[in-house]
Amino acid sequence: MTQPDFDEVIDRIGTHCSKWDDMEGAYGVSPGQGGLAMWVADMDFRPPAAVQRAVEATAAHGIYGYPGANAPYLDAIQWWMANRHGWQIEREWILTCAGLVNGVAMALDAYTNPGDGVIVMSPVYHAFGRVIRASGRELIELPLAIEDGQYRMDWSQWETMLTGGERLLILCSPHNPGGRVWTEEELREVADFCTRHELILVSDDIHCDLLMPGQRHRMIANTVPDIRDRLVTLTAATKTFNIAGAHIGNAIIADDDLRAKFKGALMARGVSPGLFGMDMVAAAYSPEGAAWVDALVEYLDGNRRLFDEGVNAIPGLRSMPLQATYLSWVDFSGTGMSTAEFTARVEKTARIAVNHGTSFGRGGDSFLRFNIATPRARVTEAVKRLREAFSDLQ
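Residues numbered from 1 in each chain as written. Predicted model: local features only at pLDDT ≥ 70, side-chain atom pairs only at ≥ 80, totals over all residues. Heavy atoms only, no water.

The name that an unreviewed UniProt entry assigns to the protein chain is cysteine-S-conjugate beta-lyase, with the source organism given as Paracoccus alkanivorans. What UniProt states about the protein chain under its Cofactor (unreviewed entry) heading is, verbatim, "pyridoxal 5'-phosphate". Listed in UniProt under the heading Sequence similarities (unreviewed entry), the comment for the protein chain reads: "Belongs to the class-II pyridoxal-phosphate-dependent aminotransferase family. MalY/PatB cystathionine beta-lyase subfamily." (UniProt positions renumbered as here; feature names shortened; annotations may be inferred.)

A.B. asks: How do you make sense of the pattern of salt bridges when you look at a structure like this?
C.D. replies: Oppositely charged side chains can pair when the atoms bearing their charge come close. Scanning all chains against the criterion turns up 23 salt bridges. Two residues, Arg12 and Asp44, come together in a salt bridge whose shortest N-O distance is 2.8 Å. Residue Arg12 is found in the segment before helix 1 (18-21), and its partner Asp44 is found in the loop between strand 1 (36-37) and helix 3 (49-61); the two are separated by 32 residues along the sequence. As far as the burial class goes, Arg12 and Asp44 line up, both buried. Between Glu186 and Arg180 there is a salt bridge whose closest N-O contact spans 2.6 Å. Taken as a pair, Glu186 and Arg180 share a single burial class, namely buried. (Salt bridge = Lys/Arg side-chain N within 4 Å of Asp/Glu carboxyl O. Helix = DSSP H or I, 4+ residues; strand = E, 2+ residues; numbered from the N terminus. Buried < 20%, exposed > 50% of the residue type's maximum accessible area, 1.4 Å probe, protein only.)

A.B. asks: I tried to follow the environment of Glu347 on my own but got confused; where do I start?
C.D. replies: Within the secondary structure, Glu347 is located in helix 14 (residues 339-349). Note: C-alpha distance between Glu347 and Leu36 (311 residues apart in sequence) is 9.3 Å. If near-sequence neighbours (up to four positions away) are discounted, Glu347 is found in contact with Tyr27, Val29, Ile352, Val354 and His356. Among the polar contacts made by the side chain of Glu347, one reaches the side chain of His356 at a distance of 2.6 Å. (Contact = heavy atoms within 4.5 Å. Polar contact = N/O pair within 3.5 Å; in protein donor to acceptor, adjacent residues only side chain to side chain.)

A.B. asks: For this particular structure, what's the right way to read the sheet that holds strand 14 (residues 355-356)?
C.D. replies: Two pairing modes exist for strands in a sheet, parallel and antiparallel, and in both the strands are linked by backbone hydrogen bonds. Strand order in the open sheet formed by four strands is 11-12-15-14, with antiparallel pairing between adjacent strands. Both edges of this open sheet fall to strand 11 (318-319) and strand 14, since each of them pairs with a single strand only. The sheet contact formed by strand 12 (residues 327-331) and strand 15 (residues 367-371) spans five bridges and is antiparallel. The residue of strand 15 that forms the bridge with Leu327 is Asn371. (Pairing = 2+ DSSP bridges.)

A.B. asks: Before we go on, may I ask you to explain the packing of aromatic side chains in this structure?
C.D. replies: Describing an aromatic ring pair means giving the distance of the ring centres and the angle of the ring planes. Within this structure, the stated rule accounts for 19 aromatic pairs. Note on Tyr125 and Phe128: the rings are 5.3 Å apart at their centroids and 80 degrees apart in plane angle, and the pair reads as edge-to-face. For Phe128, a relative accessible area of 2% translates into the label buried. Between Trp155 and Trp158 the ring centres are 5.0 Å apart and the planes differ by 75 degrees, which places this aromatic pair in the edge-to-face class. Here the residue Trp155 and the residue Trp158 both occupy positions in helix 7 (residues 155-158), the gap between them amounting to three residues, near one helical turn. Trp155 gets classed as buried once you look at its relative accessible area, which sits at 14%. Judged by relative accessible area, which is 0%, Trp158 ranks as buried. One aromatic cluster is present, formed by Phe6, Phe45, Trp79, Trp80, Phe241, Tyr285, Trp292 and Tyr299 through successive ring pairs. A cation over a ring is seen here: Arg376 above Tyr299, with NZ or CZ 4.2 Å from the ring centre. (Phe/Tyr/Trp six-rings, centres within 6.5 Å; stacked < 30°, edge-to-face > 60°. Lys NZ or Arg CZ within 6 Å of the ring centre and 35° of its normal.)

A.B. asks: Just to check I follow, could you spell out unusual backbone geometry for this structure?
C.D. replies: Residue Pro123 follows Ser122 across a cis peptide bond; omega there is 0 degrees. Counting through the fold element by element, Pro123 comes out in the loop between strand 3 (117-122) and helix 6 (126-134). The omega torsion across Asn176 and Pro177 is 25 degrees, close enough to zero to call that bond cis. Within the fold, Pro177 resides in the loop between strand 7 (166-172) and helix 8 (184-196). One non-glycine residue with positive phi stands out, namely Asn242, at about 60 degrees. Summarising the element assignment, Asn242 is placed in the loop between helix 10 (238-241) and strand 10 (249-252). Residue Arg351 is not a glycine yet carries a positive backbone phi of 55 degrees. Checked against the element boundaries, Arg351 lands in the loop between helix 14 and strand 13 (352-353). Given a relative accessible area of 33%, Arg351 falls into the partly exposed group.

A.B. asks: Whenever I open this one, helix 8 confuses me. Can you help?
C.D. replies: Three- or four-residue spacings in an α-helix give side chains the same orientation, since the helix completes a turn every 3.6 residues. Compared with an ideal rise of 1.5 Å per residue, which puts 13 residues at 18 Å, helix 8 spans 18 Å between its outermost C-alpha atoms and is within 8% of the ideal. Residues of helix 8 that are buried include every one of Glu186, Leu187, Val190, Ala191, Phe193 and Cys194, and no others. For helix 8, the buried positions fall inside an angular range of 160 degrees around the axis, keeping them on one side. Looking one or two residues beyond helix 8, the residue adopting positive phi is Glu198, at roughly 55 degrees. (Expected span 1.5 Å × (residues − 1). Arc of directions from axis to C-beta.)

A.B. asks: Help me out: how do you make sense of the domain arrangement of the protein chain in this one?
C.D. replies: For interface size, the figure often reported is the accessible area lost on association. Domain annotation of the protein chain identifies domain 1 (18-48 + 289-393) and domain 2 (64-286). Computed over C-alpha atoms, the centres of domain 1 and domain 2 are 25 Å apart. Counting residues at the interface gives 35 residues for domain 1, matched by 36 residues for domain 2. For Arg84, the salt bridge identified is with Asp294, shortest N-O distance 3.0 Å. Counting every contact that joins domain 1 to domain 2 gives 16 residue pairs in polar contact (both at pLDDT 80 or more). The set of elements that each furnish at least two residues to the side of domain 1 that touches domain 2 consists of helix 13 (287-312), strand 12 and strand 15. Of the residues in the side of domain 1 that touches domain 2, the class split is 20 nonpolar, eight polar and seven charged. (Domains from an automatic or database assignment. Nonpolar A, V, L, I, M, F, W, Y, C, P; charged D, E, K, R; others polar.)

Written as structure tokens, this is what we have:
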């Protein structure tokens, strides 16, 4: 494999790119006037060459009919889960959805009814709450505690917060936006909690491949195998390989009854995979793709160290230690500023578009989320601008 050039600055402006083309409308930060896009969770890197070759081969054939003969796609998923995560899955366990937000929506449709409570651990990925509310379910936010600068599950408090109307819990593993890799003990506690309260457990593992050095992701299906009768695991190649535009993901469900209900929801909504997406995943989940991911996480770790060093040197700012993902969760509470004031300094003064912590729910008010999956020169520039924007604190 040719060593990928993650330092290459690729101009994405004018390519129907949400991250760059929509940021001025969303945040008032203009890409044409030097604005930096550090919000939407995709990367400013090209995927492995194997993915590009697969797309070009499909395009070269020139006929784009209904896809079928999915064996290479399913085989690739099985290979990846076995070789990268030690998880042996059967082909029939794999159901394909239009990305993992769609997978969450299908799970809500399959296992809950309007008015049912759906639990998240807040603050957490903002799309969960959006889909839960839009489906007419009740969003139940269990607040994560912060201990030694990192999130932890607060079972003693959470046990007192349930009403009995809850039917499903969504676990973000690894956690977005906090970047936590949950321990084996924590995953067992989640499983016990769901069993005790008769909850379906939907584990969103989309960031499972994006681990900082020394970290190990644990698939809850492996860690707690007896939870399989209430477990849906959502995975995707899209986050790992920067192919989110393919809108393809997987629900991996071992239990026959759970799988039948999920499949029924997919059929009722007419959801099926697209040709290019399946070809891209089959190419990505390969030895070449694995080598590319290894190089990627080494580069991301360098960005993490650079960003953390710069941000944590600014009085009042603190970046939560990042164990996984490429999303840095920065706490501004030490500045003594209001949310509006520190956000304005980042967006208007530093000209950086970031995700507002308030959008991640309860506990996010003092935070902003920065996407560091971009060439290192941009990370260096972002740190420089933040130092200047908060220079009066130094």
